[in-house]
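# A structural walkthrough
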Amino acid sequence: MTASTQVQEKLSRLGIATELDLILHLPIRYEDETHLFPIADAPPGQTVQVEGVIIHTEVVFRPRRQLVCQVEDNSGVVVMRFLNFYGSQIKTYAVGKRVRLLGEIRSGFFGAEMVHPKCRIVRAGESLADTMTPVYPTTAGLTQTILSKLIAQALRNAQHMLTETIPDGIIRKYRLMSLPDSIQCLHNPPPEVSIEALQTRTHPAWRRVKFDELLAQQLSMRLHYRQRRSRSAPALAQKNTLQQQFLAQLNFTLTAAQIRVCAEINRDLASAYPMQRLLQGDVGSGKTIVAALAALQAIENGYQAAIMAPTEILAEQHFQKLTSWFEPLGIKVAWLSGSQKKKQKQAVLEDIASGAAHLAAGTHALFQEQVVFHQLGLAIIDEQHRFGVQQRLALRMKGTQSDQVPHQLMMSATPIPRTLSMSYFADLDVSVIDELPPGRSPVVTKLIAGNRRDEVIARIRHACEQGKQVYWVCPLIEESETLQLQTAMETFENLHAVFPDLTVGLVHGRLPAQEKAAVMTAFKQGEIQLLVATTVIEVGVDVPNASLMVIENAERMGLSQLHQLRGRVGRGSEASICILMFQQPLSEIARKRLRIIFEHTDGFEIARQDLNLRGPGEFLGARQSGVPMLRFADLEQDGELITAAQATAEEMLNRYPELVQRHIERWLGDKTEYLRV
Ligand code: ADP
Ligand code: MG
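In this report, the structure presented in the accompanying data block is examined. Going along each chain's sequence as written, the residues are numbered from 1 onward. Chains and ligands are labelled by the order in which they are written, letters from A for the one and numbers from 1 for the other. Since the coordinates come from a predicted model, pLDDT governs what is reported: local features require at least 70, and pairs of side-chain atoms require 80 or more to be given and counted, while whole-chain, interface and lining totals use all residues. Remark: hydrogens and water are excluded; side-chain values derive from all non-hydrogen atoms of the structure.

### Notes on the site of ligand 1
Filter applied, for reference: Only heavy atoms are used to decide nearness, and a residue is near a molecule or strand if one of them lies within 4 Å of it. Two N or O atoms count as a polar contact when they lie within 3.5 Å, although within protein this holds only if one can serve as hydrogen donor and the other as acceptor, and sequence-adjacent residues are included solely when both atoms are side-chain atoms. In these tables, accessible area is a Shrake-Rupley quantity obtained with a 1.4 Å probe, and a residue counts as shielded only by the protein chains included in the view. Here the nonpolar group is Ala, Val, Leu, Ile, Met, Phe, Trp, Tyr, Cys and Pro; Asp, Glu, Lys and Arg are the charged ones; every other residue, Gly included, is treated as polar.
With respect to spatial proximity, 17 residues lie near ligand 1, and among them Gln258, Gly284, Thr288, Arg440 and Asp542 are the closest. Interatomic distance of 2.9 Å between a side-chain N/O atom of Gln258 and a nitrogen atom of ligand 1. Taking Gly284, its main chain carries an N or O atom lying 2.7 Å from an oxygen atom of ligand 1. Considered on its own, ligand 1 offers 570 Å² of accessible surface; in the complex 86% of this is hidden by protein. When the residues that make up the shell around ligand 1 are grouped by side-chain class, the tally is four nonpolar, seven polar and six charged.

The structure is reproduced here in C-alpha cells:
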C-alpha cells in the first residue's frame, strides 16, 4: 500500500514524511481485544470486550432518537446504545447477529449498558486478536485503519533502519530493551503484556523509547553548547577591587546562595570561553545584584557590559538602580530605549561606541543596528524567556569582534523546575539562588470573592492610614488591548472616587515611556499611595514599601503570572498581604490554580505544579520554537531517565562521536534547525 497524495498530505500534518517517521509514530493508547469477558463478570469502569447475540433491536425516541440493542451471552445481557447512527446500522444489528463489543460497561436504567461501543459482526468461534490493538494519534480524515496499515507496512520494510545507535556498555548499564524489540512491542504488544504498563508508559519498551528521545535532545543541545563554547571570549580575570568597593557600600550582605552563584559566574568569566549561564532564583531572591557584580568584573577588565530587559519599566528600573550603585564608583551607565528622542539617543549611542559608557541598560533597542559597542565583554539578559533565540543571538553578535564573542548571563524570573532545566535548558549552565534574603516576612495570600469588594476597600484604607502603599492590579483582558485599557481607566476613576483623600496613580502599557517612568518614580518615592496598574508591573518592579496588593479577576491569570505579581509585595520587612479577588463560577483549572497559589509561596514548587498542569510550553516561551520538543518522555514521570540521558550524552560526545549524529538524525531529523544558529 503506497500513500496517495491526499493521505501524504494528512501524514505530513502529523509530522510524518518518511517510513522511519511512520515507525516512530507510536500509539497514544491501546485497546485489549485479546480477551473476552463474560457479560456478567466484566469489571465496570474499564474498557472490556464482550461477545453475544443480538436478541432485540429497536429505535427509541426518548429523550432523543437512538438505536438500542440487547446483546446476550451465557452469563447475561448488556444493552448497547447509539445516539448517532446510520439507517443501515439498524439492519446490520438485526436480531440473531453475533457481535463483539469493546467499551466500558456501566449500570444504566435498564441494567448493564455500553454507550457507543466499538462493535463488529463476528462468526461463532472467530479467533481473538493476538496482539493488543494500538490507537494512534491521528488527524481529521485519516482513519486508524489506514494509519495502522501504513505503519505495519513500514515496519515490515524498514526494520533495518533501527540499527543500534547506543553503545553496548550503556545498554547494559541502564538495562535497556533493544530498540527494534521495543518498537515492535509498542506497535504490536503481545497479549501477555500488561496493558496497564503500556497505558502508563512504564513498560520497558516505552522506557527505551523515552531514553532515546531524551538522549537525542541532550545530544543536540550539548552539541550546540559545545559549538558555542568552542569560540573564544575575553578572559575577564577576577580582580575584586571594584566588586569589593561595591559590596562595601551596600547596606546588606549577600546571602550564601548569592555568594555561591557569584563564584560560579566569576569562574566562567575568567575563562577564555564564552559563558552561557542561566541564573535562576525565585522572585525577590536578589538576582539583580548578582548581575551587577558580574558586570563589574567585565568593567574592571576594561570591557563593557549590557543588560537587556523585555519591558521599558523594568529596563528603566535597572538603569536607575545600577546608576545609584555604580555612579559612586565612577562607572557610567547608559540608558537606551525605543522611545528616546533622536538627539538624546544619538548621545547615548556615541557613549556606547566610544566606551565612555561602561554599562548599557535598555530594552531590545540594545541590539538595533545603530548600536555599536566599543568592547562588549558581557551581555546580561533579564527575563530570558521573553526573548527568542534570534534576539539573544543578535545581542551577542553586537559584541563579536574578530573571533571573540562576549559572555552571556541569562536570568529567569520564573523559577524553572529541575527536570525542565535539565532537559529543555541543557544547552546552558545553570546557577540557582535557592534562598531569600533574611528578614522577609512571607506574603499572606487571601482569596476573596468579587462581590466582597467593600471588605477589600476597607483593607486598603487601613493600610494607607498606616503609611503603607498598595498595588491594585486590573483584570487581564487578553482578547483586546483597547478593552484592557478602558478597564484600567475605569478602575482608576472608580478608585479615585472611592478614595478622594488618597493619591491614586495609574500605569499601563500604552502610557508613553516618560510618563510611565514618572509614575513609577512617584510610587517609589511614596508620593503615590495607591497604584492602579495593568500587568505591566508583573516583572521585576521593586518598591519595598508596598505591602498590600489586590489582584482583580485572579482566576484569569496563569500561575507564574500570579506568582510574579505577588512577588511585588513582601520585599521589605513589613508583613505583606496579597488579595486575590475572583469571579464565580470558577472553571476546574482556575480552581486548581488558585488553590496552588494560595497554598504555596515557593516559586519552584509552584512552577513544578504548573508544569504538571500545563506542560512545558508556557515555560519555554520564545524558546519553544528553537528546542527539540519531547513527544514521549514526561518530565515528571521520567526524572531518572533524564539524569541517565544527561550522563550518557556526555559519554557519547566524548567517546562515540560517530554514533551521535546518527542518533540525533533518527529522533530529531530536520527538527534540529536551531543548531545551525
Ligand atoms: P529578583 O531576584 O526578583 O530580581 P531583586 O534583584 O529585584 O530580586 O532583589 C529584590 C530586593 O532584595 C531588592 O530590593 C534588593 O536590593 C534586595 N536584596 C538583594 N539581595 C539582598 C540581600 N542579600 N540582603 C538583603 N536584601 C537584598
Ligand atoms: Mg529581577
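### Some points on the pattern of salt bridges
Threshold: Any Lys or Arg side-chain nitrogen located within 4 Å of an Asp or Glu carboxyl oxygen qualifies as a salt bridge. Comment: elements are numbered from the N terminus, with helices defined as DSSP H or I runs of at least four residues and strands as E runs of at least two. Exposed residues in this analysis have more than 50% of their type's maximum accessible area, buried residues have under 20%, and partly exposed residues fall in between, with area computed by a 1.4 Å probe over protein chains only.
By the definition in use, this model includes 30 salt bridges. Residues Arg226 and Glu650 are paired through a salt bridge, measuring 3.0 Å at the closest nitrogen-oxygen approach. In this pair, Arg226 is assigned in helix H8 (residues 204-229) and Glu650 in helix H23 (residues 639-655), connecting sequence segments 424 residues apart. With a relative accessible area of 31%, Arg226 lands in the partly exposed category. Taking the relative accessible area as the measure of exposure, Glu650 reaches 27% and is therefore partly exposed. Its salt-bridge partner being Arg277, residue Asp268 comes within 2.7 Å of it at the nearest N-O pair. One exposure class covers both Asp268 and Arg277, and it is buried. Where salt bridges share partners, they join Arg260, Glu264, Asp268, Arg277 and Asp434 into one cluster.

### Examining unusual backbone geometry
Cis geometry is adopted by the peptide bond preceding Pro585, which originates at Gln584 and carries an omega value of -10 degrees. Mapped onto the elements, Pro585 comes out in the loop between strand E22 (577-582) and helix H20 (588-599). Look at Asn553: it is not a glycine, yet its phi comes out positive at around 50 degrees. Considering the arrangement of structural elements, one finds Asn553 in the loop between strand E21 (546-551) and helix H19 (559-566). A relative accessible area of 9% places Asn553 in the buried class.

### Digging into the sheet that holds strand E16 (residues 429-433)
In sheet architecture, strand pairing relies on hydrogen bonds along the backbone and comes in two forms, parallel and antiparallel. Note the cut-off: One requirement defines pairing of two strands: DSSP has to find at least two bridges between them. Fitted lines through C-alpha atoms serve as axes, helices being fitted only where they are in contact, and the angles separating the N-to-C directions of these axes extend from 0 to 180 degrees.
Ordered in space as E12-E13-E11-E14-E15-E10-E16, the seven strands form an open sheet in which the pairing is parallel. The two strands at the open ends of the sheet, each matched to only one other strand, are strand E12 (333-336) and E16. Between one strand and the next, the sheet's axes are offset by a mean angle of 20 degrees, whatever the strand orientation.

### As for the packing of aromatic side chains
Our working definition: Between the rings of Phe, Tyr and Trp (Trp by its six-membered ring), a pair exists once the centres lie within 6.5 Å; its type follows the angle of the planes, with under 30 degrees stacked, over 60 edge-to-face, and the other angles tilted. Lysine and arginine charges are scored as sitting over a ring when NZ or CZ, respectively, is within 6 Å of the ring centre and within 35 degrees of the ring normal.
Per the stated rule, a full pass over the model turns up seven aromatic pairs. Taken together, Phe246, Trp325 and Phe326 form an aromatic cluster joined through their ring pairs. The ring centre of Trp206 lies 4.2 Å from the NZ or CZ of Arg201, which sits over that ring. Sitting over the face of the ring of Tyr225, Arg222 holds its NZ or CZ atom 4.0 Å from the ring centroid.

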